[in-house]
Amino acid sequence: MLATVVSHDLITTPFGFDSTAAEVIAGVDLSGKRAIVTGASSGIGVETARALADAGAHVTLAVRDTAAGGRIAEQIGGRVSVARSI
């Protein structure tokens, strides 16, 4: 028989709608880690990639437009590469 487990504990976080990716990842060391960010040529994807790279991760920007991805990679700097997604 399968048992259903229900928890009524609330998950709390100091972050909210106005929190930035940099605030969420502050103090986290991602050196030696690899991150792949899809949709990284605009909007929240760029900010996510920037925060991950700033934390030390090697970030791959998975984008449809590799020229746009290349421009973003240059802006971010660090260990950022670009790969075409389909």
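Please read all numbers here as calculations on a predicted model, not as lab measurements.

Enquirer: Tell me about the overall build of the protein, residues and numbers included.
Expert: Helix and strand counts for the protein come out as three helices and three strands. Order of helices (α) and strands (β) in the protein, N terminus to C terminus: α-β-α-β-α-β. Its C-alpha atoms give the protein a radius of gyration of 17 Å, more than 25% over the compact-globule value 12 Å for 86 residues. In terms of overall dimensions, the protein has a C-alpha envelope of 55 × 35 × 25 Å along the principal axes.

Enquirer: I'd like to hear about the nonpolar core, residue by residue, with values.
Expert: Of all hydrophobic cores here, the largest spans 19 residues; its most connected members are Leu52, Val59, Leu61 and Val80. Where this core is concerned, the elements lending two or more residues are β1 (34–38), α2 (43–54), β2 (58–63) and α3 (66–76). Broken down by element, this core gets its largest block of residues, five residues, from α2. Excluding residues that lie within four positions of it along the chain, Leu52 makes contacts with Ile25, Leu30, Ala35, Val37, Ala57 and Val59.

Enquirer: Describe the pairing of β1, and please don't skip the residues or the numbers.
Expert: Every second residue of β1 is oriented toward a common face, the buried set being Ala35 and Val37 and the non-buried set Arg34, Ile36 and Thr38. Strand direction decides the pairing type here: β1 and β2, joined by five bridges, are parallel. For Thr38, the partnering residue across the bridge sits in β2 and is Ala62.

Enquirer: For the sheet that holds strand β3 (residues 80–84), give the residues involved together with the corresponding values.
Expert: Sheets are built from strands that pair by backbone hydrogen bonding, the pairs being arranged parallel or antiparallel. Read across the open sheet, the three strands follow the order β1-β2-β3; overall the sheet is parallel. At either end of the open sheet lies a strand with only one pairing partner, and these are β1 and β3. Going from strand to strand, the sheet's axes swing by 25° on average, the running direction of each strand aside. Docked against the sheet, α2 engages β1, β2 and β3, running at close to 170° with respect to β1.

Enquirer: Which residues make up the pattern of salt bridges, and what values do they have?
Expert: All chains considered together, the criterion is met by one salt bridge. Between Glu47 and Arg50 there is a salt bridge, with its nearest N and O atoms 3.6 Å apart. Of the two residues, Glu47 and Arg50 both sit in helix α2, three residues apart, roughly one turn of that helix. Judged by relative accessible area, which is 25%, Arg50 ranks as partly exposed.

Analysis parameters
- Residues numbered from 1 in each chain as written.
- Predicted model: local features only at pLDDT ≥ 70, side-chain atom pairs only at ≥ 80, totals over all residues.
- Heavy atoms only, no water.
- Helix = DSSP H or I, 4+ residues; strand = E, 2+ residues; numbered from the N terminus.
- Rg over C-alpha atoms; globule rule 2.2 N^0.38 Å.
- Core = buried A, V, L, I, M, F, W, Y, C linked by side-chain atoms within 4.5 Å.
- Buried < 20%, exposed > 50% of the residue type's maximum accessible area, 1.4 Å probe, protein only.
- Contact = heavy atoms within 4.5 Å.
- Pairing = 2+ DSSP bridges.
- Axes fitted to C-alpha atoms, helices over the stretch in contact; angles between N-to-C directions.
- Salt bridge = Lys/Arg side-chain N within 4 Å of Asp/Glu carboxyl O.

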